[in-house]
Amino acid sequence: SPKLKRMLRYHASKEAHALRLLKVCTNATRWCASLGAIAGFYTTLEQVSGIARGEEDHWNDVAAGAMSGNVLGLCFPGTIGMRLRGAAVGSVAGGLLSLPLG
């Protein structure tokens, strides 16, 4: 009957919407966890660099940004060549972006 078809279509669209929402929430949680790990890694590298060098200056931020960018570049999916290229770009970009922070 037409009423049953409308009802089934309605529930199917609600189910599809719920699955899309679940996928968005799962991906958002994954990205937040990844960014939190990179931020923790950056802070740890900044402190280790300061302790190893015995100085607290902006070069600690640059070193931490370069290493964090390097790790982030290696985490992207793709071939090993693409990952190494991403690591090189991430290292330069991370160092340059963290230079004003120091």
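Residues numbered from 1 in each chain as written. Predicted model: local features only at pLDDT ≥ 70, side-chain atom pairs only at ≥ 80, totals over all residues. Heavy atoms only, no water.

### Thoughts on a nonpolar patch on the surface
Definition in use: Each patch groups residues whose relative accessible area exceeds 30% and which form no salt bridge, using 9 Å between like charges and 5 Å between nonpolar side chains of Val, Leu, Ile, Met, Phe, Trp and Tyr. Exposure was quantified through the Shrake-Rupley algorithm and a 1.4 Å probe, taking into account, for residues, occlusion by the shown protein chains and nothing else. When a carboxyl oxygen of Asp or Glu is within 4 Å of a side-chain nitrogen of Lys or Arg, the pair counts as a salt bridge. Working definition: helices are DSSP H or I runs of at least four residues, strands are E runs of at least two. Numbering for both runs from the N terminus.
Taken together, the side chains of Trp31, Leu35, Leu72 and Phe76 define a hydrophobic patch exposed on the protein surface, amounting to about 430 Å² of accessible area. Considering the arrangement of structural elements, one finds leucine 35 in helix 1 (residues 2-53).

### So, the side chain of asparagine 60
Note the following rule: Exposure classes here rest on a 1.4 Å probe applied to the protein chains alone. A residue is buried below 20% of its type maximum, exposed above 50%, and partly exposed in between. As used in this structure description, the phrase polar contact means that two N or O atoms lie within 3.5 Å; if the pair is within protein, one of them must be able to donate a hydrogen and the other to accept it, and residues adjacent in sequence are counted only when both atoms belong to side chains. When checking whether two residues touch, look at their non-hydrogen atoms; a contact exists if any pair is within 4.5 Å.
With respect to the element layout, asparagine 60 can be found in helix 2 (residues 58-75). Residue class for asparagine 60 comes out buried when judged on its relative accessible area of 1%. Engagement of the side chain of asparagine 60 in a polar contact is seen with the side chain of arginine 53, the distance being 2.8 Å. With residues near it in sequence (within four places) discarded, asparagine 60 still touches Glu46, Ser49, Gly50, Arg53 and Glu55.

### Some details on the pattern of salt bridges
Pairs can form between side chains of opposite charge once their charged atoms are near each other. Taken as a whole and assessed by the stated rule, the structure comprises two salt bridges. One salt bridge in this structure joins glutamate 55 and arginine 53, with 3.6 Å as the shortest N-O distance. For arginine 53, a relative accessible area of 37% translates into the label partly exposed. Where aspartate 57 meets arginine 53, a salt bridge forms, and the shortest distance between an N and an O atom there is 2.8 Å.

### Quick word on the packing of helix 1 against helix 2
Our working rule: Every angle, taken between N-to-C directions, lies between 0 and 180 degrees, and every axis is a line fitted to C-alpha atoms, over only the stretch in contact when it is a helix. The scheme is simple: roughly parallel for angles under 35 degrees, roughly antiparallel for over 145, roughly perpendicular for 65 to 115, oblique for anything else. Here a crossing is taken to be left-handed if its near helix is turned anticlockwise relative to the far helix by less than a right angle, and right-handed if that turn runs clockwise. Under the scheme applied, nonpolar residues are Ala, Val, Leu, Ile, Met, Phe, Trp, Tyr, Cys and Pro; charged residues are Asp, Glu, Lys and Arg; polar residues are all the others, including Gly.
Two numbers describe how helix 1 lies on helix 2: the axes approach to 8 Å, and their chain directions differ by 140 degrees. Comparing their axes, helix 2 and helix 1 come out oblique. Crossing angle aside, the handedness with which helix 1 passes helix 2 is right-handed. Residues Ile38, Phe41, Tyr42, Leu45, Glu46, Ser49, Gly50 and Arg53 of helix 1 pack against Trp59, Asn60, Asp61, Ala63, Ala64, Gly65, Met67, Ser68, Val71 and Leu72 of helix 2. Taken together, the residues that form the contact of helix 1 with helix 2 break down as 10 nonpolar, five polar and three charged.

### Details of a positive patch on the surface
Going by this rule: Only four residue types enter the charge count: Lys and Arg as positive, Asp and Glu as negative, with His and the chain ends excluded. Taken as the charge centre is NZ of Lys, CZ of Arg, CG of Asp or CD of Glu, depending on the residue.
A cluster of basic residues, Lys3, Lys5, Arg6 and Arg9, forms a positive patch on the protein surface. Summarising the element assignment, arginine 6 is placed in helix 1.

### A word on the environment of glycine 50
Position of glycine 50 among the secondary structure elements: in helix 1. In this structure glycine 50 comes out as buried when scored by relative accessible area, which is 4%. A C-alpha to C-alpha distance of 9.8 Å links glycine 50 and alanine 63, two positions 13 residues apart in sequence. Those residues in contact with glycine 50 that sit more than four places away from it in its chain are Glu55, Glu56 and Asn60.

### Digging into the confidence of the model for the chain
As a reminder, the rule being used: Looking at any residue, its pLDDT shows the predictor's confidence there, from 0 to 100.
Residues with a pLDDT of 70 or more make up 98% of the chain, whose mean pLDDT is 87. Across the chain, helix 1 holds the top mean pLDDT of 89, while helix 2 sits lowest at 87.

### Thoughts on the packing of helix 2 against helix 3 (residues 80-98)
Two elements in contact, helix 2 and helix 3, have axes whose closest approach is 6 Å; the angle formed by their N-to-C orientations is 155 degrees. Compared by their axis directions, helix 2 and helix 3 come out roughly antiparallel. Between helix 2 and helix 3 lies a crossing of right-handed hand. On helix 3, the residues touching Asp61, Val62, Gly65, Ala66, Gly69, Asn70, Gly73 and Leu74 of helix 2 are Arg83, Leu84, Gly86, Ala87, Gly90, Ser91, Gly94, Gly95 and Ser98. Of the residues belonging to the contact of helix 2 with helix 3, the class tally is five nonpolar, 10 polar and two charged.

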